[in-house]
Number of protein chains: 2
Amino acid sequence: MPAPRQVFIAVIGVGGVGKSFLTQLQSLSTRLSQSTSPIYLSLILLGRSSKMLFSESYRPLPLSNWESALSASTQPVLPAREIIDYLATAPEKAVLIDNTSSEELAATYPQFLQKGISIVTPNKKAFSSSYAAWSDLFSAAANGTGRGGYVFHESTVGAGLPVLSTLKDLVETGDEVTKIEGVFSGTMSFLFNSFMPVGGGGGTFAAEVKKAKELGYTEPDPRDDLNGLDVARKLTILARLSGLKVESPTSFPVQSLIPKELEGVGSGDEFLQRLPEFDERMDKLKADAAKQGKVVRFVGSIDVPKGEVKVGLESFDTSHPIAALKGSDNIINFYTKRYGSNPLIIQGAGAGGDVTAMGVTSDLIKVLRLLG
Amino acid sequence: MPAPRQVFIAVIGVGGVGKSFLTQLQSLSTRLSQSTSPIYLSLILLGRSSKMLFSESYRPLPLSNWESALSASTQPVLPAREIIDYLATAPEKAVLIDNTSSEELAATYPQFLQKGISIVTPNKKAFSSSYAAWSDLFSAAANGTGRGGYVFHESTVGAGLPVLSTLKDLVETGDEVTKIEGVFSGTMSFLFNSFMPVGGGGGTFAAEVKKAKELGYTEPDPRDDLNGLDVARKLTILARLSGLKVESPTSFPVQSLIPKELEGVGSGDEFLQRLPEFDERMDKLKADAAKQGKVVRFVGSIDVPKGEVKVGLESFDTSHPIAALKGSDNIINFYTKRYGSNPLIIQGAGAGGDVTAMGVTSDLIKVLRLLG
């Protein structure tokens, strides 16, 4: 029997995804410690924006009552530079789990990787900013051209759905991806499946936005969904993995659903109050589509051979899989040379703490195997 | 820079999948040899039932003109025992790619694994025979409880679609799979999408079977599809990966579409000639479903908590994703605790040389990473 292995885990971010992840980490940790080739996962650092808890002696922190332990912590909140030093000098390999959406933390990933620290994250920022940042990141990573830690980010697109792994498999085995098209936002999916369900009905657009916000399907300020940037970031990641050098999520056409007249509005509440003034435009779109037997959906698409990426409203026949989507599900259609006229389709919940955390946990398992 | 790595590859089976795989292997081999951490894939053994070609000095065989080289070979066809010796004494790690559907070769997998030889295969036999054989296999494998080679078999279900990897991710991250349901046979998909398309139409059942055979969608003897065993084998694999101890593919209800009266018929041709005598039964099923606004499909399902597996005809609302399937596509719905009422869906071509070989190539890449 080889000696049991230990891997150190640092988790930053304890919001919806972070909480679900810590629950999953606890079960995974128990399971791996009891397997025939045991691996001991030791949580040694836990942080959120205003609090941090870390083990000075690298002894594991408690996973069962992390919430109270973190609240009670009087340790300083370490800057990224010091977290890197702390993890790089750990007596065993370390993995950073970034469950935040922090642009600042994301900017430091290459330094983590260079020090041999692996990264698993649902945070889109590092993968959807400038192309130079993307190149730097994968130049440092062991799963890029570098010799540092590994970086996995399945949950940056479609949450726990196997979207990026499938695209990588297609590309790596030599298939030619010709087009990727789908609904990449749980919020937009819910909004348009309610606004214009197949078979008729649905409220006005402003009313549906209000309802979606009340049900917790939107960001605190719904404009952060309606501006299309979240979808544009996801498309940037998919396009880059397909081989396109997309400069940034604002370097291709992205349709914002925020009326031009409301762009200057101060608060999200004021925005919601004034949105009904523009319902007529959305009603016209709806009526035009209905006349052709179609429905309107907010989609993203990538034409790989042409190098074209776009995000916005499009109409689909009611029999199209994109039209038939339910609830807040995502759907991703991969059209490739091998798959021919019928695409390879991945569909299911693309948002929510548990399924997003599942993508993170599954990536962590992949990293553990590679750290072998 | 670490020294470049070499991995030895043995390929048995050069039919539709085997041919496509060898083409993909050639591109992969070129790509990996040119990467920043080069890996040299050396094909050292190539075989089909009546011919074998191997390199006595472990120098790579030519990948570009393998077909003529294999035909010209005067080397003996080695039995599995000797192939194992040959690969186990190779100066570097070896991977066996079994592109046959041989039960005999499959029975020897544990011996390959015990000698540290990894296996990648679309051959269902080893994974869908007795539960004891399944246990023996994974007891020997490095990705089971053993210390031998790795075994990957993504293409045994849904060809290149990410079905098994997704199920493993769900299980390993601690989700509870409650039900798996879908169309798992390209032949059955084509047959029922033609026999009873959504919206009406379609020929008699016997005529559609004949057409499917003429178009190359069935096995040479269509009874090998219609008996349901192929789907039962796939369900056996999925159920076992879900944690059920399914004894064999004949240990649960499997509906055969071969009329009882024709079970004793000698040849496939005679069977096809007599099948129209039983069209009335299938017409009745079709009419009964249509009355309820449904269509008939040949599906497999696993109720995990109840431990129930079954394969056979069921009716679905025309709006159900299973009803809306096109061509010879497969669809697999995973219902889980985390995904809630809307399943995680994987859909696309589930048969064909190129997509099946893609699953094999993608598994080979995974093994290469793990051999690190």
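Residues numbered from 1 in each chain as written. Chains lettered and ligands numbered in written order. Predicted model: local features only at pLDDT ≥ 70, side-chain atom pairs only at ≥ 80, totals over all residues. Heavy atoms only, no water.

Caption draft 1: Representation of the interface of chain B and chain A within the structure. If you look at the interface, chain B gives 39 residues, while chain A gives 39 residues. Buried surface at the junction of chain B and chain A, both sides included, amounts to about 3,400 Å², of which 54% is carbon and sulfur. One can count four salt bridges joining chain B with chain A. At the level of elements, helix H1 (16-33), helix H7 (163-172), strand S11 (344-349) and helix H14 (353-371) of chain B are the ones that each hand at least two residues to the side of chain B that touches chain A. The element contributing the most residues to the side of chain B that touches chain A is H14(B), with nine residues. Grouping the amino acids of the side of chain B that touches chain A by side-chain chemistry returns 16 nonpolar, 13 polar and ten charged. Across three bridges, strand S11 (residues 344-349) of chain A lies against S11(B) in antiparallel orientation. (Contact = heavy atoms within 4.5 Å. Buried area = accessible area lost by both parts, 1.4 Å probe. Salt bridge = Lys/Arg side-chain N within 4 Å of Asp/Glu carboxyl O. Helix = DSSP H or I, 4+ residues; strand = E, 2+ residues; numbered from the N terminus. Nonpolar A, V, L, I, M, F, W, Y, C, P; charged D, E, K, R; others polar. Pairing = 2+ DSSP bridges.)

Caption draft 2: The sheet that holds strand S5 (residues 118-120) of chain B, seen in detail. Residues and elements named next belong to chain B. Taken in spatial order, the six strands make up an open sheet running S3-S2-S1-S4-S5-S6, and their pairing is mixed. Looking at strand neighbours, the two that pair on one side only are strand S3 (51-54) and strand S6 (151-152), the edges of this open sheet. Where strand S1 (residues 5-12) meets strand S2 (residues 39-48), eight bridges bridge the pair, whose relative direction is parallel. Its bridge partner lying in S2, Val-11 is registered against Leu-46. In this fold H1 packs onto S1, S2 and strand S4 (94-98), with an angle of close to 160° to the strand it touches most, S2. (Axes fitted to C-alpha atoms, helices over the stretch in contact; angles between N-to-C directions.)

Caption draft 3: A look at the UniProt feature "binding site: L-homoserine" (unreviewed entry) in chain A. The sites that carry the UniProt feature "binding site: L-homoserine" (unreviewed entry) are, in the present numbering, Glu219(A). Beyond its immediate sequence surroundings of up to four residues, Glu219(A) is in contact with Asp224(A) and Asp225(A). (UniProt positions renumbered as here; feature names shortened; annotations may be inferred.)

Caption draft 4: Local environment of the packing of aromatic side chains. Residue and element names in this part refer to chain B. For the structure on display, the rule yields 20 aromatic pairs over all chains. For the ring pair Tyr-58 and Tyr-86, a centre distance of 5.0 Å and an interplane angle of 15° mean the geometry is stacked. Linking Tyr-58 in the loop between S3 and helix H2 (66-72) with Tyr-86 in helix H3 (residues 80-88), this pair joins segments that are 28 residues apart in sequence. Comparing Tyr-58 with Tyr-86 shows no difference in burial state: the two are buried. Here Phe-195 and Phe-205 contribute two aromatic rings whose centre-to-centre distance is 5.5 Å and whose plane-to-plane angle is 80°, an arrangement assigned as edge-to-face. Within this pair, whereas Phe-195 is found in helix H8 (residues 186-195), its partner Phe-205 is found in helix H9 (residues 205-214), the two being separated by ten residues in sequence. Both residues of the pair, Phe-195 and Phe-205, count as buried. (Phe/Tyr/Trp six-rings, centres within 6.5 Å; stacked < 30°, edge-to-face > 60°. Buried < 20%, exposed > 50% of the residue type's maximum accessible area, 1.4 Å probe, protein only.)

Caption draft 5: Quick peek at the pairing of S2(B). Of all ten residues in S2(B), eight are buried, a share of seventy percent or more. Connecting the antiparallel pair S2(B) and S3(B) is a turn made up of two residues.

Caption draft 6: Quick look at the relation of the copies chain B and chain A. It takes a turn of 180° to lay chain B on chain A, together with a shift of 0.0 Å along the axis; the resulting RMSD is 0.0 Å. Viewed as a symmetry operation, the transformation between the two copies matches a two-fold axis. Ranked by how close their C-alpha atoms come to the rotation axis, the residues of chain B are headed by Ile346(B), at 2.4 Å. Both copies present the same face, since 100% of the interface residues in chain B are matched by interface residues at the equivalent positions in chain A. (Least-squares fit on C-alpha atoms with pLDDT ≥ 70 in both.)

Caption draft 7: Expanded view of the environment of Gly243(A). All names here are of chain A. Here Gly-243 shows up in the loop between helix H11 (229-241) and helix H12 (268-274). Given a relative accessible area of 56%, Gly-243 falls into the exposed group. The spacing of Gly-243 and Gly-307 is 64 residues in sequence and 9.3 Å in space, taken between C-alpha atoms.

Caption draft 8: Structural view of empty space enclosed by the protein. On inspection of all chains with the given rule, the structure shows three cavities of 30 Å³ or more. In this structure, the largest cavity encloses a volume near 60 Å³. Surrounding the largest cavity, Glu154(A), Gly160(A), Leu161(A), Pro162(A), Ser165(A), Met358(A), Gly359(A), Ser362(A), Lys366(A), Thr166(B) and Asp169(B) form its lining. Elements supplying a minimum of two residues to the lining of the largest cavity: helix H14 (353-371) of chain A together with H7 of chain B. If you tally residues by element for the lining of the largest cavity, the top one is H14(A), at four residues. Class assignment of the residues belonging to the lining of the largest cavity gives a composition of three nonpolar, five polar and three charged. (1 Å grid on protein atoms, 1.4 Å probe; cavity = no way out; pocket = protein on both sides within 12 Å on 5 of 7 lines; lining within 4 Å. Points joined across faces, edges and corners; volume = space filled by probe spheres on them.)

Caption draft 9: Focus on the packing of helix H7 (residues 163-172) of chain A against H11(A). Residue and element names in this part refer to chain A. Two elements in contact, H7 and H11, have axes whose closest approach is 10 Å; the angle formed by their N-to-C orientations is 20°. One finds that H7 runs roughly parallel with respect to H11. As for the relative orientation of H7 and H11, their crossing is right-handed in sense. Contacts from Val-163, Leu-164, Leu-167, Lys-168 and Val-171 in H7 reach Ile-237, Leu-238 and Leu-241 in H11. (Parallel < 35°, antiparallel > 145°, perpendicular 65-115°, else oblique. Left-handed = near helix turned anticlockwise from the far one by under 90°.)

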